[in-house]
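A closer look at the structure
Listed here are the chains, written in short residue letters.
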Amino acid sequence: WLIFAMPGCLVFFMVVMVPFFYGFYLTLTDWDGISSEKTIVGLSNYISVMQDTEFWQSMFLTLKYVFISVLLVNILAFLIAYLLTNGMKGQNFFRSGFFTPNLIGGVVLGYIWKVLINCVLLLVKEPLLALNSTAGFWGLIILMVWQQVGYMMIIYIAGLQAIPDSLIEAAQIDGAKPLQTLFKIKLPMVMSSITICVFLTLTNSFKLFDQNMALTNGDP
């Protein structure tokens, strides 16, 4: 068993555990990210962060963004996947179209949507993104939903296509309506796909940086 388990354990230890504990160690130092000297300062970094009102404002805004984006991405991705697995004409073309935004880099997406949203704000005579916290927040959600929906859609399509046709046919023979089939059979059968997509969107939302930097330069 050691021969089979050791390679995977070593990779996991080196790629996941070592960076994790080293990152935690760095939070206990005053390292500036450049110099070679690292002085251990204990929990003072955590204490200063907890006393910083701007940190809590940013944390609340981040949690609000994560909640809304995870909800919208997964709902829209599942609805699109459901529509594109019902045998509609051109469904392969539409799958490719929805997936395409995921291939574009975050910085490029940020600048594209910055131009588009600023043009709309100019037309309605509102402050531009750099001065408009509401537009910046919702603009970021629109950007991320547009980018991630296609990727999550592929996972949901794989989950829906894995459902045995015999289950669907049995439900139809028993007189189940489309909504009953959706909620009683399809949704329970794709719970593994839902779990994967929720955790992927959750981690992507918390790790967000380049799109926000390109869209609003981190302001306001």
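Summarised in this report is the structure supplied together with it. (Residues numbered from 1 in each chain as written. Predicted model: local features only at pLDDT ≥ 70, side-chain atom pairs only at ≥ 80, totals over all residues. Heavy atoms only, no water.)

Here's the deal with the packing of helix α3 (residues 53-83) against helix α9 (residues 191-206)
Filter applied, for reference: Simply put, an axis is a line fit to the C-alpha atoms, just over the touching stretch for a helix, and the angle between two N-to-C directions goes from 0 to 180 degrees. Helix and strand definitions follow DSSP, with helices as H or I runs of at least four residues and strands as E runs of at least two, each counted in order from the N terminus. Here a crossing is taken to be left-handed if its near helix is turned anticlockwise relative to the far helix by less than a right angle, and right-handed if that turn runs clockwise. Should any heavy atoms of two residues lie within 4.5 Å, those residues are counted as being in contact. Each residue gets one of three labels, nonpolar for Ala, Val, Leu, Ile, Met, Phe, Trp, Tyr, Cys and Pro, charged for Asp, Glu, Lys and Arg, and polar for the others, Gly among them.
Where α3 contacts α9, the two axes come as close as 9 Å, and the packing angle between them is 145 degrees. α3 and α9 meet at a crossing whose hand is right-handed. Taken together, the residues of α9 that come into contact with α3 (itself represented by T62, L63, Y65, V66, S69, V70, V73 and N74) are C197, V198, T201, L202, S205 and F206. Along the lines of polarity and charge, the residues of the contact of α3 with α9 split into 9 nonpolar, 5 polar and no charged.

Topic: the side chain of N132
Short version of the rule: Two N or O atoms count as a polar contact when they lie within 3.5 Å, although within protein this holds only if one can serve as hydrogen donor and the other as acceptor, and sequence-adjacent residues are included solely when both atoms are side-chain atoms.
With respect to the helices and strands, N132 occurs in the loop between α5 (106-123) and α6 (133-161). A distance of 3.0 Å separates the side chain of N132 from the backbone nitrogen of A135, its partner in a polar contact.

What about the layout of surface pockets?
One way to see where empty space is left: roll a probe the size of a water molecule over the atoms. Definition in use: Points on a 1 Å grid over protein atoms alone make up a cavity when a 1.4 Å probe fits among them but cannot get out, and a pocket when they form an open set with protein on both sides within 12 Å along at least five of seven lines; lining residues each have an atom within 4 Å of a point. Grid points are joined across faces, edges and corners, and a volume is the space filled by probe spheres set on the points.
Its boundaries defined by the atoms lining it, the largest pocket holds a volume of some 600 Å³. If you go around the largest pocket, you meet 20 residues; those closest to its centre are L61, T62, L140, N212 and G218. Counting only elements with at least two residues in the lining of the largest pocket, the list comes to α3, α6, α9 and α10 (210-216). Top contributing element to the lining of the largest pocket by residue count: α3, with 6 residues.

Quick look at a nonpolar patch on the surface
We count it as follows: Residues with no salt bridge and a relative accessible area higher than 30% make up the patches, which join like charges within 9 Å and nonpolar side chains (Val, Leu, Ile, Met, Phe, Trp, Tyr) within 5 Å. Under the convention used here, a 1.4 Å probe and the Shrake-Rupley method define accessible areas, while residue burial counts only the protein chains that appear. One side-chain nitrogen of Lys or Arg within 4 Å of one carboxyl oxygen of Asp or Glu is enough to make a salt bridge.
Where nonpolar side chains cluster on the molecular surface, the patch consists of V11, F12, F13, M14, V15, V16 and V18 and spans about 650 Å² of accessible area. Among the secondary structure elements, V15 is positioned in helix α1 (residues 2-27).

Overview of the packing of aromatic side chains
To describe a pair of aromatic rings, one takes the distance between the centres and the angle between the planes. For the record, the criterion: Paired rings are identified among Phe, Tyr and Trp, the last through its six-membered ring, by centres lying within 6.5 Å, and are further divided according to the angle between planes into stacked (under 30 degrees), edge-to-face (over 60) and tilted (the rest). Relative accessibility under 20% of the residue-type maximum defines a buried residue, over 50% an exposed one, and the middle range a partly exposed one, all with a 1.4 Å probe and only protein chains included. When the NZ atom of lysine or the CZ atom of arginine is within 6 Å of a ring's centre and also within 35 degrees of its normal, the charge is said to sit over that ring.
Counted under the stated rule, the structure contains 8 aromatic pairs. Measuring from centroid to centroid gives 5.6 Å for W113 and W146, while their planes differ by 75 degrees, and the two rings are edge-to-face. One end of the pair, W113, is in helix α5; the other, W146, is in helix α6, with 33 residues separating them in the sequence. Assessed through its relative accessible area of 16%, W113 is described here as buried. A residue is classified by how much of its surface remains accessible, and W146, at 38% relative accessible area, is partly exposed. On the basis of an interplanar angle of 85 degrees and a centroid distance of 5.4 Å, the ring pair of F137 and W138 is categorised as edge-to-face. Judged by relative accessible area, which is 9%, F137 ranks as buried. Above the ring of F137, the side-chain terminus of K64 is found at 4.9 Å from the ring centroid.

Concerning unusual backbone geometry
Of note in this structure, K125 is not a glycine but carries a positive phi near 60 degrees. With respect to the element layout, K125 can be found in the loop between α5 and α6.

Describing the nonpolar core
We count it as follows: As used here, the term nonpolar core means buried Ala, Val, Leu, Ile, Met, Phe, Trp, Tyr and Cys residues forming a set that is joined through side-chain atoms within 4.5 Å.
With 40 residues, the main nonpolar core has Y65, M152, Y156, L160 and L215 as its most contacted residues. Mapped onto this core, the elements with two or more residues apiece are α3, α5, α6, α7 (165-173), α8 (178-189) and α9. A total of 14 residues in this core trace back to one element, the largest contributor, which is α6. Residue contacts for L215: discarding those within four places in its chain leaves G110, W113, K114, I117, L129, G136, G139, L140 and L143.

Nothing here speaks to function; it is all geometry.
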